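Close look at the chain arrangement
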Amino acid sequence: MKKQLFFLCLLVAQLTMAENAKAVLDKASARFMEAGNVKIGFQITTGGNTSTGYINIAEKKFFCDMGGICVWFDGTTMWNYVKATEEVNISTPSPRNVERMNPYFFLSMYKNGYTCKMGKSTKTYYEVIMNGNSKTAFSTVTVRISKKDYSPLYTKTVTKKNTMEITVNSYLPNQKFDAASFRFNPKEFPNAEVIDLR
């Protein structure tokens with residue numbers, strides 16, 4: 001009887017943690033949508049290398065500048081520019097590939113294929129751990145959300161081949177972006193070789 005009671009309490013605790021984690025992500029997602037267009041400055045660490053950059057997001061569109069690499073996505077087409085090789089790859093990415101390129105898609109993707117639980121939260125942030133299934137872009141996503149305004153502070157994404165950590169340095173809501181800023185402009189990169197992979 002005691003054993004059954006223990007497992008029942010454990011199950012209730014796990015369900016409560018999952019509900020709390022989902023509630024945090026629901027609120028963060030709602031606040032993110034209310035913020036309109038956002039510009040986020042960040043530091044990214046992957047494969048032992050660290051760089052800084054920023055991402056402009058307007059609903060499903062984004063532009064990401066990481067110094068030597070720029071990515072434009074207009075909701076359908078993606079342009080990936082690598083400064084070192086002066087190449088631009090054009091593709092029509094799958095939703096899964098878009099998730100991998102835009103680390104803030106976790107604010108909607110957690111509803112499909114991920115189980116959520118609370119991690120080690122502090123006085124300043126909530127930590128949520130998302131575990132994916134075989135069809136998700138990431139096996140694990142760890143997210144830290146500000147307790148003050150529910151803005152994203154940190155994400156860690158894990159795949160079989162790669163771990164990427166992103167720390168937010170600045171978060172500017174209610175920005176105005178021209179629609180053209182989410183599309184590659186060949187006039188600005190006259191020496192770039194365009195490789196169309198569509």
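Not measured: the values here are computed from a predicted model.

Digging into the environment of Thr-142
Of note, Thr-142 is situated in strand β9 (residues 140-146). On the basis of relative accessibility, which here comes to 14%, the residue Thr-142 falls in the buried class. Taking C-alpha positions, Thr-142 is 6.5 Å from Thr-157, a pair spaced 15 residues apart along the chain. The contacts of Thr-142, once residues within four sequence positions are left out, are Glu-127, Val-128, Ile-129, Tyr-154, Thr-155 and Lys-156.

Re the pattern of salt bridges
Per the stated rule, a full pass over the model turns up four salt bridges. Linking Asp-74 and Arg-183 is a salt bridge whose minimum nitrogen-to-oxygen distance equals 2.4 Å. With Asp-74 in the loop between β4 (69-73) and β5 (78-82) and Arg-183 in the loop between β11 (163-172) and β12 (193-196), the pair connects residues that are 109 residues apart, well separated along the chain. With relative accessibility at 15%, the residue Asp-74 sits in the buried group. Since its relative accessible area comes to 43%, Arg-183 is described here as partly exposed.

Re the packing of aromatic side chains
Counting across every chain of the model gives nine aromatic pairs. Between Phe-184 and Phe-189, the ring centres sit 5.3 Å apart and the planes meet at 25°, which makes this aromatic pair stacked. Side by side, Phe-184 and Phe-189 carry an identical accessibility label, which is buried. Through a chain of ring-to-ring contacts, three or more aromatic side chains come together here, namely Tyr-54, Phe-63, Trp-72, Tyr-81, Phe-184 and Phe-189. Across the ring face of Tyr-154, the terminal group of Arg-144 is positioned such that the distance to the ring centre comes to 4.4 Å. Stacked on the ring of Tyr-126, the Lys or Arg Lys-147 has its end atom at 5.1 Å from the ring centre.

Regarding the pairing of strand β10 (residues 152-158)
Here β9 runs beside β10; their pairing, made up of six bridges, is antiparallel. Within the sheet, the bridge partner assigned to Val-141 lies in β10 and is Thr-157. Where β9 folds back on β10, the antiparallel hairpin that results is connected by five residues, among which Tyr-150 adopts a positive phi of roughly 60°. As defined by bridge partners, β10 adjoins β11 across five bridges and the pair is classed as antiparallel. Along β11, the bridge assignment pairs Thr-157 with Met-164.

About the cut-offs
Residues numbered from 1 in each chain as written. Predicted model: local features only at pLDDT ≥ 70, side-chain atom pairs only at ≥ 80, totals over all residues. Heavy atoms only, no water. Helix = DSSP H or I, 4+ residues; strand = E, 2+ residues; numbered from the N terminus. Buried < 20%, exposed > 50% of the residue type's maximum accessible area, 1.4 Å probe, protein only. Contact = heavy atoms within 4.5 Å. Salt bridge = Lys/Arg side-chain N within 4 Å of Asp/Glu carboxyl O. Phe/Tyr/Trp six-rings, centres within 6.5 Å; stacked < 30°, edge-to-face > 60°. Lys NZ or Arg CZ within 6 Å of the ring centre and 35° of its normal. Pairing = 2+ DSSP bridges.

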